[in-house]
Amino acid sequence: MGTYFIRRGLLMIPTFFGATILVFVILQLAPGGPLEQVIRQMQAGGQEAGEAGGGGSGDVAGGDIMTKDQLDKLKRFYGFDKPIIVRYLMWLGVWSREIEHRDVEFEPGVYEMRSSVGRGNYIVIKRTDQEKYSIFNDDGKTPNIEWHAHQLDTKEESDNIRATYYKTEFSGILTGNLGKSYSYVQPVTDVMKPRFKVSVFFGIIGFLLSYSVCIPLGISKALRHGSPYDFFSSALVFMGYSIPGWALGAVLLMALGGGSFWDIFPLGGFRSENWDMLPLWGKIIDQAHHAVLPIIAYSIASFATLTVLMKNSLLENLSQDYVRTAFAKGISEKRVVWLHTLRNSVIPIASMIGYAVMILIAGSYFVEVVFNIDGFGKMSYQAVLDRDYPIVMGFLVVVVLLRLVANILSDLALAMVDPRIRFR
Amino acid sequence: MEKQENRASAHVETKPKEQQISLSILKKRWLKFKTLKRGYYSFIILIVFYLVSFTFPFIFISSRALVVHYEGKNYFPTIAGFYPGEFFGEDVSGEANYRELKEKWKRAKSDNWVLLAPYEYGPLEDITTEGNKMFEKPSSKHWLGSDNTGRDVFSRLMLGFTISISFGIFITTVSYVIGVSLGAAMGYFGGKFDLIFQRFIEVWSTLPLLFVVIIISSIVTPNFFLLVAILASVSWMGMTYFMRAEFYREKTKDYVAAALSMGQSNRKIIFKHILPNSLVPIITYFPFSVISGISSLVGLDFLGFGLPPPTPSWGQMVSVGLQNITKWWMVLSPLGALFITLMLIVFIGEAIREAFDPKVFSRLR
Amino acid sequence: MKKRYITVVMFLMCVALWTISGCGTQTEQNDSTTDQLNKEGTESKAPTTRSLVVRTAETVAPEDRETAPEDGGYGFEEIFEDLGFTTYVVPDSELIFFGDPKAEKGGQITRIMSRFPATLRIEGQHANYVENYMFGGMIYEGLIETHPVTLEFIPSLASHWKISEDKMQFWFRINPDARWSDGKPVVADDVVATWKLHMDETILSPSDQLVYGKLELPVAESKYIVSVKCKELNWRNFLYFGGMYIYPHHYLKDLTGTDYLSDYQFKMLPGTGPYTMLEKDIKIQVSYAVTRRLDYWNADDPLMKYAYNFDKVKFVVVKDNDMLEFEKFKKGEQDFFYVKKAERWVEGTNFEAVEKGWVKKRNIFTQKPSTKYGYAFNMRKPPFDDKRLRDAFSYLINRDQMNEELFFNLFEPQNSLYAGTVYENKENEQIEFNPKKAMELLAEIGWKERNSDGWLINDEGETLRLDIAIPKAIDYRVTPVQQMLREYGIDFQIKYVDTNARWKLMMDRSFSIAFEHWGGLTFPNPETSYHSRLADEDNNNNLYGFKNARVDELCALYDVEFNQGRRIKIIQEIDKIITDNRSSFMTFYRPTDWLLFWDRYSYPEYMVSRYLNGGIEDWSVLKYWWFDAEKAQKLEDAMAKGESLPQGELDVMYWRNYVQNLEQKASEAESK
């Protein structure tokens, strides 16, 4: 079993690098990255979509044009002044990243300068004519190893020598740092954490719900194969399969949300705003109240596949020789079905567990937008639109890891229901 | 009822001798498929409707006339295409307005006449054509009402059907060709080849599809085949798993060993010997892949990364419908059409699955 | 044995999932120790709501009697004229524009936002959004403000100001009564520190350095007097500097830009304004709220006394879901709603609450700057380098038909960059639908024949094809145009792109025609979109490649013209030149605001202010309206009984009448 995990883990390594490189490269090709967005913000002022009029606008602002110098600085900040390979290595955390750049200008003849590094601390930068820079603590004597400096191109209009000083750090996925989101301006892990909770909540509830509905349903359908009951329940689950869950959700929310027709469920949201203040029981009720419609929308599509899978697999087992034998021995139908065939029939279902959980956790942009829930689906879609590369990459890492977990889960589930299966 | 038919077909299946080759197996399965009424009729309805739907713009749904009889000659605008209004003596700058033409000649009791298409509203004409209003309720004029720019919902739905099904079929075919051959090779050769391609598939499956669409559509205008290519490039992977498993199993069987010992080439063994025996997953999953193809186009259209406007697409219709959710006909029509189509395909898929199932349903009680 | 092992693993996994899914009671609680400044207040005038207001300062700095009057201390009011300073004393007749004397403090109002701000800073990286301005203006104050009706300068933190003769240097005298929310006095150093913060490149907001870089480092001449020199002559400099929100230097002094960005991401600096944002009200990605301060320094000023009446203004986030937003309004979870779509205004506002008068519906005429909405032509390359084609395009689009069929005739065709405002040049050509003329123009260029598909072709047999990239949200405005053009043989191809890709295409000038939508400015600035120097460069707002020597000249004149009347004349001339050049075809503008609100609130006669105050239309509601307990009670009773309330007059014509009166007076004066 140990070797099994090791093998699984090792196989993940090439996948991980391949996937991250692939996505990393594709991201660079997309039109309009974070730089362009800063430019847009500057130029458009309060430009906002609306139907003729409306929208924001300022008193005086808008239409500013960025200078080349400013553009270079922004590039430096986002790391776009480095070649793509270096950027990837930085993201991995095996190449040092330059952060907190600050520029200084030495007038000709000046070789030493005291400069702020924030929160009241200062350093002293000394230069030589050979473009060599050294950095000292505020006392001017002890060398400072935290900060580095190098010369920049001089500007045309002045003779001042320009230099920049900065810190370096190794921070990337291998050091446990997924970087900082461009659009949320927060560490990626901080952005993902609350959304992960939401998605896991819906993922697990949806999973439990669909399995606890579909397995009995599939069994009863198999036992009554061909009956009107079988037909109508098939029609029902396929209806769920062919109408997009989010569209159904939107219609249900409109009808039952209390805005226009019946006031039965809250109008979207993950929980009430005062959830923290509720007693435990109130919390559960409130959470459930909010979750009903989204859960339906999230998991309705999986009902059909699961039910049919369960039904078919049970039917198949019922036609096996061992069932024939069991019947021949005079064992009652109940006993045959529940004791002998069922266990074998859930094998394919069990092998889907990992996959099902993963799908549900990855979330659905549509459902989350319809219900105003902050989950993974909305986050990852918005990250695409915003070109929020750290989030896209962070999400990718989560997906790759989830897939690993999902596979392991499937295998474990399989091993539990099928004693013949052993880990290789 | 169905049970008895199953039994009947079971008898059919057990009778022919074993040496029958694969073709007749297919035939047998087809016979069995035919006995599964629900799936069979769904299949007939869908295929007929799909094929006929290609002729809709020419004989059924069009703002152009079928026949115009003008000064002794007959013209066929739905087939021949653009006729300027001036051509028929109409005072318009663009294409002839056949509905008006008809009225005009009728009023004037002239010898000229117009035979309009049975459904006289095209999928593209909107409020800019005189007489069309936005958000019209379903009526005998507009069977399913009109949308937010006054376009007829029914005609868009019908023409969207052709596009949707074609899209589903194309994408499934393309991805099956890739998926089957690669999956087969992986299963057959195994070893390092298999290991490497498994990793490749794992990597490729993380491809951010939306980014690819965004990048491509910033360069060119996406069209039907481009979208097929993009979506097929990610959807072939599912099939490889099935084929790989099939080939893994099949290649250990005696007939493969026999073929090998006879010095057959790998290609021949794969395509001639094993593939016909591994068709079950291909055919069983085909309808479901068509469904997912249709759904993914609907999703892309909904998000605004799909076919360019004014193409009548179901995704666009669903998104407009949900934006104007109080206009029930705009919500229910595309969702209903989607539902019926997918349902038919599901029924077909069900039946195929059953027909291809070698085991006869035989509950012993 | 093995099996038990597996069960244990499964169990552990379940436990892990349980804990990360947050089913426990752990929440992102704020550190209460940092909240020590926020003490709950006790006073409240609104009996129906719980007390919401707060006192933020433990001790307030006593009056400073030590600073000499000539240094800006008390007594300066007596001598300011001798020192060359001026101020604006609001005459009683104008006080109404600063709030209604009937206004009462109290109550709460809720507004739904479509986005949670990326940061609660209002300066620096990612702070340049409507949301940030919305609460920023309630928490912080600038040195001066503009008069809501006349746009003249009025005092805010600075009670007096002085402009040097050459208009290159400004002085401001800070009101010695001004206090930070932590009780400390506002001093000249605060202004200097704020300017320095803006100029720190590490706040990652390059436009700040562009704007404030037009000024030299301000000088704190005394405790209360601060002066600043301009690098170039421009009337905007006074507005830029005077309108800059001031932050406390006792917080800023040791912070670099980087520190500021990280420390104040979701934390507020103390402000001087009437509101504060309590940490307990910040629920990341869900909601945030501002709470009225009881110890606001300027509460008794006639300009502030009847404004900012709500005890609490709450912003709830509903992302990208306009439909849900509206549903929430209907359900009463949001108190007012600006309708943006004509179709919703006409057909979506017939729900029960409106029909019974519980929700009031108002069509408000204002004079806010008009947005520019239409099609931009790239004049640098064929085919739109030919003015005849631009004209033909404009004549081929039947705006009246679109307005009637799609927008219920509620919009106005736009024929000026500044339609509906004082800057509009009424002599601009009023473009009418004229296909005959258009076809003549096209024939002149060479598009004469039609091919068998109905497309126009030239002598080489090429068809006339135009490509446009649009965001999906506006397709219903563009597809009718596509149909109109098809009618005349122009192949207008649409493709969808997302916002960023579209912007990139426009900035790289890789388009021939593009859909444009610009927000309006209270003080227009045509230079950034039409100056020749920008025409041949990428990445600026001169999408069109517009070049005109006269416009360049006028822009230069405009910058140094300090008289608003003459500035209007200059802009009108520019408007005519640009519009006649047809660098873009404008479609519609909306002359009125469409507002729905639950009938719990009272408001001044004019309902919303004349211009777009602070750039945000909701501002007026949040600033001048108040919670009316009596109305709220009536509404509650009516709803309980299912009774109707009078709906009242739909149109609010206050500003239209006001302007007409002004014009009448002016013409009378002229005739005399």
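Please read these numbers as outputs of a predicted model, since none were measured by experiment.

What counts and what doesn't
Residues numbered from 1 in each chain as written. Chains lettered and ligands numbered in written order. Predicted model: local features only at pLDDT ≥ 70, side-chain atom pairs only at ≥ 80, totals over all residues. Heavy atoms only, no water. Helix = DSSP H or I, 4+ residues; strand = E, 2+ residues; numbered from the N terminus. Rg over C-alpha atoms; globule rule 2.2 N^0.38 Å. Buried < 20%, exposed > 50% of the residue type's maximum accessible area, 1.4 Å probe, protein only. Contact = heavy atoms within 4.5 Å. Areas by Shrake-Rupley, 256 points an atom, 1.4 Å probe, with all protein chains shown as cover. Lys, Arg positive; Asp, Glu negative; His and termini not counted. Charge placed at Lys NZ, Arg CZ, Asp CG, Glu CD. Pairing = 2+ DSSP bridges. Axes fitted to C-alpha atoms, helices over the stretch in contact; angles between N-to-C directions. Parallel < 35°, antiparallel > 145°, perpendicular 65-115°, else oblique. Left-handed = near helix turned anticlockwise from the far one by under 90°. Nonpolar A, V, L, I, M, F, W, Y, C, P; charged D, E, K, R; others polar. Domains from an automatic or database assignment. Buried area = accessible area lost by both parts, 1.4 Å probe. Salt bridge = Lys/Arg side-chain N within 4 Å of Asp/Glu carboxyl O. Polar contact = N/O pair within 3.5 Å; in protein donor to acceptor, adjacent residues only side chain to side chain. Patch = residues over 30% accessible without salt bridge, like charges linked within 9 Å, V, L, I, M, F, W, Y side chains within 5 Å. Core = buried A, V, L, I, M, F, W, Y, C linked by side-chain atoms within 4.5 Å. pLDDT = per-residue confidence, 0-100. Phe/Tyr/Trp six-rings, centres within 6.5 Å; stacked < 30°, edge-to-face > 60°.

Chemist: Can you explain the overall build of chain B? Please cite residues and give values.
Modeler: Summing up its helical and strand segments, chain B has 16 helices and three strands in all. Computed over the C-alpha atoms, the radius of gyration of chain B is 26 Å, more than 25% above the 21 Å expected from 2.2 N^0.38 for a compact globule of 365 residues. The principal-axis extents of the C-alpha atoms in chain B amount to approximately 85 × 50 × 45 Å. A burial count over chain B gives 53% of its 365 residues as buried. For chain B, the share of sequence-separated contacts (at least 6 apart) that also reach a separation of at least 24 residues comes to 65%. Carbon and sulfur atoms make up 65% of the accessible area of chain B, which amounts to about 16,700 Å² in all. On chain B, the mean spot of the 38 positive side-chain charges and the mean spot of the 28 negative ones are 12 Å from each other.

Chemist: A description of the overall build of chain C should follow, citing residues and the corresponding values.
Modeler: Check the secondary structure of chain C and you find 23 helices and 27 strands. Radius of gyration (C-alpha) of chain C: 28 Å, near the 26 Å computed for a compact globule of 672 residues. If you line up chain C on its principal axes, its C-alpha atoms span 95 × 85 × 60 Å. Here chain C, with 672 residues, has 61% of them falling under the buried criterion.

Chemist: Go over the sheet that holds strand β4 (residues 133-137) of chain A with me, naming the residues and quoting the values.
Modeler: Residues and elements named next belong to chain A. If you walk across this open sheet you meet the three strands as β2-β3-β4, and the pairing is antiparallel. The strands lining the two open edges of the sheet, one partner per strand, are β2 (112-118) and β4. Each neighbouring strand pair of the sheet contributes to a mean axis angle of 30°, computed without reference to strand direction. As paired strands, β2 and strand β3 (residues 121-127) are joined by six bridges and run antiparallel to one another.

Chemist: Now, about the packing of helix α6 (residues 228-242) of chain A against helix α16 (residues 328-356) of chain B: what can you tell me, with residues and values included?
Modeler: Axis separation between α6(A) and α16(B) bottoms out at 9 Å; the angle between their running directions is 125°. In terms of orientation, α6(A) lies oblique with respect to α16(B). Pair α6(A) / α16(B) crosses with right-handed handedness. Contacts between α6(A) and α16(B) involve A:Ala235, A:Phe238, A:Met239, A:Tyr241 and A:Ser242 from the former and B:Leu338, B:Phe339, B:Leu342, B:Met343, B:Val346, B:Phe347 and B:Glu350 from the latter. In terms of residue class, the contact of α6(A) with α16(B) is built from ten nonpolar, one polar and one charged.

Chemist: Outline the domain arrangement of chain B, listing residues and values.
Modeler: Under the domain assignment, chain B is made up of domain 1 (63-116) and domain 2 (154-355). On a C-alpha basis, the centroid separation for the pair domain 1 of chain B and domain 2 of chain B is 44 Å.

Chemist: Outline the interface of chain C and chain A, supporting the account with residue identities and numerical values.
Modeler: Note on interface size: it is often stated as the accessible area lost on association of the parts. The interface of chain C with chain A comprises 99 residues on the first partner and 91 residues on the second. With both sides pooled, the region where chain C packs onto chain A buries about 8,100 Å², and carbon together with sulfur makes up 55% of that total. Between the two partners, chain C and chain A, sit five salt bridges. With a shortest N-O distance of 3.4 Å, A:Asp263 and C:Lys331 are connected by a salt bridge. The interface formed by chain C and chain A includes 19 residue pairs in polar contact (both at pLDDT 80 or more). Ranked by residues supplied to the side of chain C that touches chain A, first place goes to helix α1 (residues 2-20) of chain C with eight residues. By residue class, the composition of the side of chain C that touches chain A is 41 nonpolar, 33 polar and 25 charged.

Chemist: Can you lay out the pairing of strand β15 (residues 372-377) of chain C for me, pointing to particular residues and giving the numbers?
Modeler: A regular strand places its side chains on the two faces of the sheet in alternate fashion. Residues and elements named next belong to chain C. A large share of β15 lies buried, amounting to six of its six residues. Inspection of the sheet shows β15 paired to strand β21 (residues 513-518) by six bridges, in the antiparallel sense. Bridging across to β21, Gly374 finds its partner in Glu516. Direction of pairing for β15 relative to strand β22 (residues 584-586): antiparallel, over a ladder of three bridges. Bridge pairing links Gly374 to Met586 in β22.

Chemist: Quick one: what's the story with a nonpolar patch on the surface, residue by residue and with numbers?
Modeler: Residue and element names in this part refer to chain A. Residues Ile6, Leu10, Ile13, Phe17, Ile21, Val25, Leu29, Ile84 and Ile85 make up a contiguous nonpolar surface patch of about 810 Å² in total accessible area. Contributing elements (two or more residues each) for the nonpolar patch: α1 (2-29) and α4 (84-92). Take the nonpolar patch: its biggest share by element is seven residues, from α1. Turning to its location among the elements, Ile21 is positioned in helix α1. You can call Ile21 partly exposed: its relative accessible area is 40%.

Chemist: Before we move on, can you summarise the pairing of strand β12 (residues 312-317) of chain C with the specific residues and values?
Modeler: Residues and elements named next belong to chain C. Burial runs high along β12: six of the six residues are buried. Here strand β3 (residues 108-113) runs beside β12; their pairing, made up of six bridges, is parallel. The partner of Arg111 across the bridge, within β12, is Phe315. In this sheet, β12 lies alongside strand β11 (residues 287-292) in antiparallel orientation, the contact comprising five bridges. By the bridge assignment for β12, Val290 is matched with Val313.

Chemist: Which residues make up the nonpolar core, and what values do they have?
Modeler: Formed by 228 residues in total, the largest nonpolar core has its most connected members in C:Phe135 and C:Phe172. The element that contributes the greatest number of residues to this core is helix α14 (residues 389-417) of chain A, accounting for 17 residues. Counting 98 residues, the second-largest nonpolar core is a separate cluster that includes B:Val290, B:Phe339, B:Ile348 and C:Tyr488.

Chemist: So what's going on with the confidence of the model for chain B? Which residues, and what values?
Modeler: Residue and element names in this part refer to chain B. Taken over all residues, the pLDDT of chain B has a mean of 83, while the share at 70 or more is 91%. With pLDDT under 50 throughout, residues 1-20 is counted as low confidence; its partners more than four residues away or in other chains account for 17 contacts. Low pLDDT (under 50) marks residues 361-365, which in the prediction has 15 contacts with non-local residues, meaning those over four places away or in another chain.

Chemist: Can you break down the domain arrangement of chain C residue by residue, with the values?
Modeler: According to the domain assignment, chain C contains domain 1 (27-292), domain 2 (317-368 + 591-671) and domain 3 (375-400 + 417-580). Its C-alpha centre places domain 2 of chain C at a distance of 34 Å from the equivalent point of domain 3 of chain C.

Chemist: Talk me through the sheet that holds β22(C); I want residue IDs and the actual numbers.
Modeler: All names here are of chain C. One open sheet accounts for three strands, arranged β21-β15-β22; its pairing is antiparallel. What marks the edges here is a single partner per strand, and that holds for β21 and β22. The mean inter-strand angle of the sheet, taken between neighbouring strand axes irrespective of direction, is 25°. Packed onto the sheet, helix α12 (residues 387-396) meets β15, β21 and β22 and runs at close to 140° relative to β15. Here helix α15 (residues 475-487) sits on the sheet and contacts β15 and β21; the angle it forms with β15, its principal contact strand, is near 50°.

Chemist: Before we move on, can you summarise the environment of B:Glu136 with the specific residues and values?
Modeler: Residue and element names in this part refer to chain B. Locating Glu136 in the fold gives a position in the loop between β3 (113-116) and α7 (153-189). C-alpha of Glu136 to C-alpha of Met330: the two residues are 194 residues apart in sequence and 9.9 Å apart in space. Look past the residues within four positions of Glu136 in its chain and what remains in contact with it is Gly131, His142, Gly145, Ser146 and Trp329.

Chemist: Tell me about the interface of chain B and chain A, and name the residues and values.
Modeler: At the interface, 45 residues of chain B touch 49 residues of chain A. Each partner contributes to the roughly 4,200 Å² buried at the junction of chain B and chain A, and carbon and sulfur atoms together form 75% of this total. Applying the counting criterion to the chain B and chain A interface returns zero salt bridges. Linking chain B with chain A are three residue pairs in polar contact (both at pLDDT 80 or more). Counting residues per element, the ones that place at least two in the side of chain B that touches chain A are α1 (2-14), α8 (191-204), α9 (209-219), α14 (279-303), α15 (314-323) and α16 of chain B. With eleven residues, the single largest contributor to the side of chain B that touches chain A is α16(B). Classifying every residue of the side of chain B that touches chain A gives 28 nonpolar, seven polar and ten charged.

Chemist: Give a detailed account of the side chain of A:Ser115, specifying residues and quantitative values.
Modeler: Residues and elements named next belong to chain A. Mapped onto the fold, Ser115 is located in strand β2. Of the residues examined, Ser115 reaches a relative accessible area of 11% and is grouped as buried. A distance of 2.7 Å separates a polar atom in the side chain of Ser115 from a polar atom in the side chain of Tyr165. Contacts of Ser115, omitting those with residues within four sequence positions, involve Val104, Asn121, Tyr122, Ile123, Ile125 and Tyr165.

Chemist: If you had to explain the packing of aromatic side chains to someone new, which residues and values would you point to?
Modeler: Within the structure shown, the criterion is met by 115 aromatic pairs over all chains. An angle of 75° between the planes, with centres 5.6 Å apart, marks the rings of B:Tyr75 and B:Phe88 as edge-to-face. Of the two residues, B:Tyr75 is situated in strand β2 (residues 73-75) and B:Phe88 in the loop between α5 (77-80) and α6 (98-108); the sequence distance between them amounts to 13 residues. B:Phe88 carries the same exposure label as B:Tyr75, and that label is buried. With centroids separated by 5.3 Å and ring planes inclined at 20°, the aromatic side chains of C:Phe172 and C:Phe238 adopt a geometry described as stacked. Remark: C:Phe238 occurs in helix α6 (residues 236-243) and C:Phe172 occurs in strand β7 (residues 169-174); sequence separation between them is 66 residues. Of the two residues, C:Phe172 and C:Phe238, both sit in the buried class. Through a chain of ring-to-ring contacts, the aromatic side chains of B:Phe49, B:Phe56, B:Phe60, B:Tyr119, B:Tyr121, B:Trp143, B:Phe154, B:Phe161 and B:Trp314 assemble into a single cluster.

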